Amino acid sequence: MNLDLDEEQTAVRQLARDFVGREIAPHVIDWDRAENVDRSIVKKLGAVGFLGLTIDEEYGGSGGDHLAYCLVTEELGRGDSSVRGIVSVSLGLVAKTIAAWGRAEQKRYWLPRLTAGEALGCFGLTEPGTGSDAGSLATRAVRDADGGAYVINGSKMFITNGTWADVVLLFARTGDGPGHRGVSAFLVPTDTPGLTRRTIHGKLGLRGQATAELVLEDVRVPADAMLGPEGKGFSIAMSALAKGRMSVAAGCVGIAQAALDAAVGYAGEREQFGKPIASYQLVQELISDIAVDVDAARLLTWRVADLVDRGEEFATAASKAKLFASEAAVRAANNALQVFGGYGYIDEYPVGKLLRDARVMTLYEGTSQIQKLIIGRALTGVSAF
Ligand code: FAD
């Protein structure tokens, strides 16, 4: 087993580090306080190729393997999880799903726009009444009388990139089958009449993110807006989320690494009782706990990338990585805050934001409990759903 990065992977990680240092780090506190990342970051992410990683060059992508994608995602997560989420959703959940399931004309239309950052995607699965039980969603798409269009009614909750997005990968019920049967996927431009959006304010973390509620009232889309076969929407959503979990895990590694960097730096500078606090063993314990979490989370995440790149089954490994890395990011940020003492509690220092941002990672793209049920199902063959 060789865990060394190759030349290309090392170069892309450095590119991401430089990008974060130049375009993100100087603005993080302001964006968090303003509850608004500067939207120009999307074009910049597109220009540097980060919105096209793993997508074929034929469709405007920048190619690369999934480890390179994880390396970039980790660096973005280290810089600002609100920005990392832009990439994880627009590329990871939307563009990659179009690449996997789309017809040639859907790929030709959407992928070059999404990879360039000229268009942004969002993923509309969760509804006010259905989160973990996503298969019970109530949004309905009904074919009109001549069969040339679908008319969609319903609402979507907590949609990352929601207010900024140009297209929503929307999941709606087209059949009367029970539960997840009868769910189909659609690509709905967000300027379609009848689609309204409201930014959700007051979030604990990810404050710079344009998380939104979407309401669809008689939204009419042509029949060819459907992505993949009719009735396959839930499988499409689950396949997107399996890879999405790898991306969330990588972002969490970034949070934990940022927590480690901050804790080590502060512990070396801050003096109490006449010595740097780094010299106290109980502070070293906090730091070493973070370091172990970083390594373990990163290795679990890289394993998923390796499985994906080798075309192996990866969904359970992705759930394990997401479960561990998200819980590890919360622990790491919390431990780092302890190292900072009272200064960790104010937002001039980075660790409070890391903890606030980390907290959602155990909730979205399947809560920690749902990841355990997925892992348990794989081990026992018995489904709890
Ligand atoms: P619920 O499903 O109501 O769960 C509440 C609690 O019950 C949790 O602890 C859960 O683990 C537990 N629980 C539920 N069922 C079980 C069970 N069977 N066994 C054990 N415990 C269970 N969704 C999208 O579609 N697109 C997005 O872009 C998106 N972005 C998001 C961004 C943010 C900031 C947030 C907060 C959420 C986002 N979500 C998005 C939604 C997210 O995926 C859901 O919040 C998540 O799936 C949980 O659903 P819920 O909030 O309805 O909680």
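Residues numbered from 1 in each chain as written. Predicted model: local features only at pLDDT ≥ 70, side-chain atom pairs only at ≥ 80, totals over all residues. Heavy atoms only, no water.

## Some words on the overall build of the protein
Stated precisely, the cut-off is as follows: Here a strand is any run of E in DSSP of at least two residues, a helix any run of H or I of at least four, and the numbering for each starts at the N terminus. Here the globule rule reads 2.2 Å times residues to the power 0.38, and the radius of gyration is calculated from C-alpha atoms. Each residue is assigned to one of three classes by its accessible area relative to the maximum for its type, calculated with a 1.4 Å probe on protein chains only: buried under 20%, partly exposed between the two thresholds, exposed over 50%. For the area figures, the Shrake-Rupley method with a 1.4 Å probe applies, and any residue is considered shielded solely by the protein chains shown. In this tally Asp and Glu are treated as negative and Lys and Arg as positive; neither His nor the chain ends contributes. Working definition for charges: the position is that of NZ of Lys, CZ of Arg, CG of Asp or CD of Glu.
Within the protein one finds 11 helices and 10 strands. Computed over C-alpha atoms, the radius of gyration of the protein comes to 21 Å, within 12% of the 21 Å expected from 2.2 N^0.38 for 385 residues, which places it in the range of a compact globule. Its C-alpha atoms give the protein principal-axis dimensions of roughly 80 × 45 × 40 Å. In the protein, which comprises 385 residues, the proportion classed as buried is 55%. About 16600 Å² of surface is accessible on the protein, with carbon and sulfur atoms providing 53% of the total. Put simply, the protein has 40 plus and 47 minus side-chain charges, and the middle of one group is 4 Å from the middle of the other.

## Regarding the site of the ligand
The line we're drawing: Here, proximity means that at least one heavy atom of the residue falls within 4 Å of the molecule or strand. As defined here, a cavity is a set of points on a 1 Å grid over the protein atoms alone where a 1.4 Å probe fits but cannot get out. A pocket is an open set with protein on both sides within 12 Å along at least five of seven lines, and residues line them when an atom is within 4 Å of a point. For this analysis, a molecule is said to be in a pocket or cavity if more than half of its atoms are within 2 Å of the grid points defining it. Classification convention: Asp, Glu, Lys, Arg as charged; Ala, Val, Leu, Ile, Met, Phe, Trp, Tyr, Cys, Pro as nonpolar; all other residues, Gly among them, as polar.
Looking at the ligand, there are 15 residues lining it, with Phe 123, Thr 126, Ser 132, Phe 158 and Thr 367 nearest. Expressed as a share of its isolated accessible area of 980 Å², the protein-covered part of the ligand is 65%. A molecule is said to occupy a pocket when more than half its atoms come within 2 Å of that pocket's grid points, and by this definition the ligand occupies the largest pocket. Elements with a minimum of two residues in the shell around the ligand: β3 (149–159) and α11 (368–380). Here the shell around the ligand is built from residues that sort into 8 nonpolar, 6 polar and 1 charged.

## Details of the packing of helix α4 (residues 66–79) against helix α5 (residues 81–101)
What counts is decided by this rule: Fitted lines through C-alpha atoms serve as axes, helices being fitted only where they are in contact, and the angles separating the N-to-C directions of these axes extend from 0 to 180 degrees. We call two directions roughly parallel when the angle between them is under 35 degrees, roughly antiparallel when it is over 145, roughly perpendicular when it lies between 65 and 115, and oblique otherwise. Working rule for contacts: check all heavy atoms of both residues, and any pair within 4.5 Å makes them a contact.
One way to put it is that α4 packs onto α5 with a least axis distance of 6 Å and a crossing angle of 150°. Accordingly, the angle class assigned to the pair α4 and α5 is roughly antiparallel. When α4 is examined against α5, the residues His 66, Tyr 69, Thr 73, Leu 76, Gly 77 and Gly 79 are found in contact with a partner set consisting of Ser 81, Arg 84, Val 87, Ser 88, Leu 91, Gly 92 and Lys 96. Classifying every residue of the contact of α4 with α5 by side-chain character gives 4 nonpolar, 7 polar and 2 charged.

## As for the layout of surface pockets
Inclusion rule: Grid points are joined across faces, edges and corners, and a volume is the space filled by probe spheres set on the points. Residue ranges assigned to the domains are those given by an automatic or database domain assignment.
The space that makes up the largest pocket amounts to roughly 1300 Å³. Thr 126, Gly 131, Leu 241, Glu 365 and Gly 366 are the residues nearest the centre of the largest pocket, which is lined by 49 residues in total. Of all elements in the fold, only α5, β3, α7 (233–269), α9 (315–340), α10 (351–359) and α11 reach the threshold of two or more residues within the lining of the largest pocket. Among the elements that make up the lining of the largest pocket, the one with the highest residue count is α7 (6 residues). Per-class residue counts for the lining of the largest pocket are 22 nonpolar, 17 polar and 10 charged. Two domains share the lining of the largest pocket, each providing at least three of its residues, namely domain 2 (123–230) and domain 3 (235–380). Surrounding the second largest pocket, 23 residues form its lining, Val 28, Arg 78, Gly 79, Ala 258 and Pro 350 being those nearest its centre. For the lining of the second largest pocket, the elements supplying multiple residues, two or more each, are α1 (7–24), α2 (28–34), α4, α7 and α10. Of the residues belonging to the lining of the second largest pocket, the class tally is 10 nonpolar, 4 polar and 9 charged.

## Focus: the domain arrangement of the protein
It is common to give the size of an interface as the accessible area lost on bringing the parts into contact. Under the convention used in this document: Accessible surface is computed with a 1.4 Å probe, and the buried area is the amount of it that two parts give up when combined, taken over both parts together.
Here the protein is described as being made up of domain 1 (7–119), domain 2 (123–230) and domain 3 (235–380). The straight-line distance from the C-alpha centre of domain 1 to that of domain 3 is 20 Å. Domain 1 puts 22 residues into the contact, and the matching count from domain 3 is 31 residues. Surface buried jointly by domain 1 and domain 3 totals about 2300 Å² across both partners, of which 58% is contributed by carbon and sulfur atoms. On the domain 1 side of the interface with domain 3, the three residues burying the most area are His 66, Glu 74 and Arg 78, jointly 24% of the side's total.

## Structural notes on the pattern of salt bridges
Here is the rule we go by: Criterion for a salt bridge: a side-chain nitrogen of Lys or Arg within 4 Å of a carboxyl oxygen of Asp or Glu.
Counted according to the given criterion, the structure contains 19 salt bridges. With its nearest N and O atoms 2.5 Å apart, the salt bridge here joins Arg 33 to Asp 347. In this pair, Arg 33 is assigned in helix α2 and Asp 347 in the loop between α9 and α10, connecting sequence segments 314 residues apart. Looking at Arg 33, the relative accessible area reads 49%, which means it is partly exposed.

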